[in-house]
Structures are given as C-alpha cells and as structure tokens.
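# Coordinates in review
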Amino acid sequence: MKKTLILVCAALLAAAMLGCTGNKLPTTPAPMVSPTVKPSPVQTIVPTPTAAVSPTAEASPTAGTSPAAGNETIEGFKEGEKIEPDKLPEKVTAAIKEKYADAKITGATYATYMEGQTYLVTLSGAGEGVDKVYVNPDGTIIPYKAQSTAKP
C-alpha cells in the first residue's frame, strides 16, 4: 500500500513538473484585469427643518420660537382623546388666559401638530374667527386652521 501511494505521488509530481516547464510560460501568474466597478451611489442625508414658520403665526408667550419648539412628550398622550379643561397643564391654561383674556376653554383634545404632541383647545369668546388653537405643553400657542374637505 505504501509503495502504491509513493508511486502515485511521484507520478503526480512528475506531471506537474512537465506541465510547468513544457509550455514556456512565465512561472508567475499574469495579473487579472477586473471589470471596472462603479461605486454604488451613497445616500446623502440632507437635514431639513423640523418646523416651517407660518406667515400667519402669531406671537405667543414664547415668542421667537418655532411652533415645533415645544415638542415635549405629553404624559398619557393618545391622539384624538378628549381631556377635561380643568386637567390641562398650568402652562397651557396660563398662555390661553394671557393671549385671550375673555376666552373660556370649552374642550380639549390630544392632537399631533407638525410631528409634535399638542393640545387642540376649543374656546368660546376668544374673538372673531378664533374658536380653536393648538397649544404646546410649554404654552406656545399655534393658530388653528381648519382643513378643507372640499374636493377640487
């Protein structure tokens, strides 16, 4: 068995030697040219503002900040759920009293405005054309614009 194994190895070695010297090719492999690979496009993340300033925005107790500035998390927030007016935070009710002295809060709902949690507060006696406002948890008031349901 050993003799057979030695003979097979010797034959393979001899064949390999003949294959290397018989064809007169260089002993080092030729460099391979690979196809040109274009790099994949890189996705560029362009920062965008988190809030656009509305031309109809009015000054509020935190003047100079954008409507999204008060993007605080409201504890127990559930979109569309009603809140008793007396359960609103002090900052919210104080801001409304300061801006609309004669207004009465008749209702409130959790709402999302510009990707932030807010209160949609319904008012009576606030003045002409004002029956609802968004109020951020920090007291920033954002005018409410009713969505049109008319189809073009």
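Below: a short report on this structure. Here the structure is a predicted model, which is why all the values come from computation and not from measurement.

A few words now on the overall build of the chain. When helices and strands are tallied, the chain shows 2 helices and 5 strands. Sequence-ordered secondary structure for the chain, helices as α and strands as β, is α-β-α-β-β-β-β. Across the 152 residues that make up the chain, the buried fraction comes to 24%. Sequence separation of at least 24 residues holds for 52% of the intrachain contacts in the chain that already meet a minimum separation of 6. Of the roughly 11,900 Å² that the chain leaves accessible, carbon and sulfur atoms contribute 60%.

Here we come to the packing of aromatic side chains. Under the criterion given, the structure shown has 4 aromatic pairs. Plain terms: the ring middles of Tyr110 and Tyr119 are 5.9 Å apart, the flat faces sit at 35 degrees to each other, and that makes the pair tilted. Accessibility assignment for this pair places Tyr110 and Tyr119 in one class, buried. Among the aromatic side chains, those forming a connected cluster through ring pairs are Phe77, Tyr110 and Tyr119.

Glancing now at the side chain of Thr93. Along the polypeptide, Thr93 turns up in helix H2 (residues 90-99). Judged by relative accessible area, which is 13%, Thr93 ranks as buried. In this view, Thr93 contacts Pro85, Leu88 and Ile105; residues no more than four positions away in its chain are not counted.

What counts, and where the lines are drawn
Residues numbered from 1 in each chain as written. Predicted model: local features only at pLDDT ≥ 70, side-chain atom pairs only at ≥ 80, totals over all residues. Heavy atoms only, no water. Helix = DSSP H or I, 4+ residues; strand = E, 2+ residues; numbered from the N terminus. Buried < 20%, exposed > 50% of the residue type's maximum accessible area, 1.4 Å probe, protein only. Contact = heavy atoms within 4.5 Å. Areas by Shrake-Rupley, 256 points an atom, 1.4 Å probe, with all protein chains shown as cover. Phe/Tyr/Trp six-rings, centres within 6.5 Å; stacked < 30°, edge-to-face > 60°.

Note that every value here comes from positions in space, so none of it alone points to a role or purpose.
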